[in-house]
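Here are the chains, one letter per residue:
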Amino acid sequence: MAARRISSLLSRSPSLPPGSASLFLSLGRNSGLGRSAQRFSTAAVTEELITPPVQINHTQLLINGQFVDSASGKTFPTLDPRTGEVIAHVAEGEAEDINRAVSAARKAFDDGPWPKMTAYERSRILLRFADLVEKHNDELAALETWNNGKLYEQAAKTELPMLVRLFHYYAGWADKIHGLTVPADGPYHVQTLHEPIGVAGQIIPWNFPLLMFAWKVGPALACGNTIVLKTAEQTPLTALYAAKLLHEAGLPPGVLNVVSGYGPTAGAALASHMDVDKLAFTGSTNTGKIVLELAARSNLKPVTLELGGKSPFIICEDAGIDKAVELAHFALFFNQGQCCCAGSRTYVHERIYDEFLAKAKARAMRRLVGDPFKKGVEQGPQIDSEQFEKVLRYIRSGIESDATLECGGGRLGSKGFYIEPTVFSNVQDDMLIAKDEIFGPVQSILKFKDLDEVIRRANTTPYGLAAGVFTSNIDTANTLSRALRAGTVWVNCFDVFDAAIPFGGYKMSGIGREKGIYSLHNYLQVKAVVTSLNNPAWL
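Residues numbered from 1 in each chain as written. Predicted model: local features only at pLDDT ≥ 70, side-chain atom pairs only at ≥ 80, totals over all residues. Heavy atoms only, no water.

### What about the domain arrangement of the chain?
Note the cut-off: A domain assignment, automatic or from a database, supplies the domain bounds used here. Working rule for contacts: check all heavy atoms of both residues, and any pair within 4.5 Å makes them a contact. Two parts placed together each lose some accessible area under a 1.4 Å probe, and the buried area is that loss summed for both. Salt bridge criterion: a side-chain nitrogen from Lys or Arg within 4 Å of a carboxyl oxygen from Asp or Glu. N or O atoms closer than or at 3.5 Å make up a polar contact, with two conditions inside protein: a donor-capable atom paired with an acceptor-capable one, and, for residues adjacent in sequence, both atoms drawn from side chains.
Taken domain by domain, the chain consists of domain 1 (61–307 + 514–525) and domain 2 (312–500). Computed over C-alpha atoms only, the centres of domain 1 and domain 2 are separated by 31 Å. Listed per partner, the contact involves 31 residues of domain 1 and 30 residues of domain 2. Roughly 2500 Å² of surface becomes buried between domain 1 and domain 2 when both sides are summed, with 64% attributable to carbon and sulfur atoms. A per-residue breakdown of the area domain 1 buries against domain 2 is headed by Arg82, Leu151 and Trp206, which together make up 25% of the total. Counting across the interface, domain 1 meets domain 2 through one salt bridge. Taking the shortest distance from any N to any O, the salt bridge between Asp371 and Arg82 comes out at 3.1 Å. Inspection of the region where domain 1 meets domain 2 yields nine residue pairs in polar contact (both at pLDDT 80 or more).

So this is what it looks like as structure tokens:
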């Protein structure tokens, strides 16, 4: 197809940064398993890949301010999701390395300058780090895209600025953490102290490596704690780079230690360590249960968990169809669908269902999948072969359950982990694609009749991380936002994240909150100090 014709087909999405054009070329219809399924062009994923403009300089563990090999000397490969090829071998941390990291963090907390430093000095270090991230924005974004497969434009223009904003936010909190003076019934002076909890163990996921680094590390450091951070084995590279910049900003040795490795070895050792005072984990609900059990069986350390979701996105009959289609598309397909709060159950009122479905299918067909380093691409690869195969299994399950495959459903290209944007209609609540967290580009569109019905169905899930509501009626918005059992409800928007907005789930979507003032509570102990008063002038 001529370049002029391709250009004429580009449609711009208001929900995405400028330049994020959408284009999918249809090659005709193909019937499979008795259903009509639109097939996609593989041109976008077979073009020559862009060479990432960044060098990989840090592949060792970071312990006590130094990059070191693992105690065993073992390494593991980290891959480029665009090809499945190895881009680096990274030190494989295990229990002995976790012990070394915890010992460094404990010494830094008990004997080092960090918790004894003035809160203002701590805030200045966090601000200097934010400045360094801005200076190295492009390198960090390129490394994130190379290791994760997310869009470069998304990493460089959205996620890195969000990381900077988060550290500015927590730097501002550092010298505003204080206790209270409490009146008591008697001649006593009572004060509460908000003290750092100690050594914090943190385990971050692969879908947003740098943002999760910020969500965990920012509040813990602002409160004066020390940290042992375990990265996801799929995406270890950017946390090591960011930690190096934190040390350049003046962070004392031992305050932040980064261990790459696998969950059953390094992760389990951190969760069960007797000298870790607090644990924070983001990941799947099943793994969260294991982490919680390990923490309880060791020293009963407090745990915050940000886990899975199966978020409803409810489109009411008064919704503007075109805007609703675009927002529902963004809510599901953002970040290749690899988002814990993805709007993965799209509930549409029966009166507008057919029109919405036709337009949602057309929007998915226009979605450009390809090299995430290229401008205009809207969807990159899934993170790895395991996630790739998992998504395809769920697609097969949807077909076998008699949901209607409207488009997509297969692999794109012959290498890498690309999946066609997929849309199912006639989805029922008891189907696996409507119950399980797929974590991929699979939109399930369900039909509802009235508010009472959709509230009941939306809440019939073990999850409760987020929800979306699209309506022009304020009473409908208020009814739904209060009735939905979810930690975040977005009304006429989706995936709006701000440093001050708390994030976390109801039910099996987690324990506690990330971001905002609420996240500081995770990293503080409250101590009451009661002093007897001798003949006080007042009480």
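Still more ground to cover, so stick around.
### With respect to the nonpolar core
Here is a general trend for soluble globular proteins: nonpolar side chains tend to be buried in one another's company. Stated formally: In these notes, a set of buried Ala, Val, Leu, Ile, Met, Phe, Trp, Tyr and Cys residues joined through side-chain atoms within 4.5 Å is what counts as a nonpolar core. Exposed residues in this analysis have more than 50% of their type's maximum accessible area, buried residues have under 20%, and partly exposed residues fall in between, with area computed by a 1.4 Å probe over protein chains only. Starting at the N terminus, helices and strands are each numbered in turn, a helix being any DSSP run of H or I of at least four residues and a strand any DSSP run of E of at least two.
Phe129, Phe213, Leu256 and Ile315 are the most contacted members of the largest nonpolar core, which totals 104 residues. Of the residues forming this core, the biggest block, twelve residues, is contributed by helix 6 (residues 152–174). Ignoring anything within four residues of it in the chain, the contact list for Ile315 reads Ala324, Ala328, Thr346, Tyr347, Val348, His349, Ile352, Phe356, Phe448 and Phe470. If you look at the next biggest cluster of nonpolar residues, it comprises 30 residues, including Ile395, Ile438, Phe448 and Leu484.

### Here's the deal with helix 8 (residues 237–248)
Rules: An expected span of 1.5 Å times one less than the residue number is assigned to each helix.
The terminal C-alpha atoms of helix 8, which comprises twelve residues, lie 17 Å apart, in line with the 16 Å expected from a rise of 1.5 Å per residue. Of all the residues in helix 8, the buried ones are Leu237, Thr238, Ala239, Leu240, Tyr241, Ala242, Ala243, Leu245, Leu246 and His247. Just past helix 8, the residue Gly250 takes up positive phi, approximately 115°.

### Regarding the sheet that holds strand 9 (residues 181–182)
We count it as follows: Strands are treated as partners if at least two bridges between them are detected by DSSP.
Taken in spatial order, the three strands of this open sheet run 9-10-24, and their pairing is antiparallel. The open sheet has two edge strands, strand 9 and strand 24 (524–532), and neither has a second partner. With nine bridges connecting them, strand 10 (residues 188–196) and strand 24 associate as antiparallel partners. Bridging from a neighbouring strand, Tyr188 pairs with Ser532 of strand 24.

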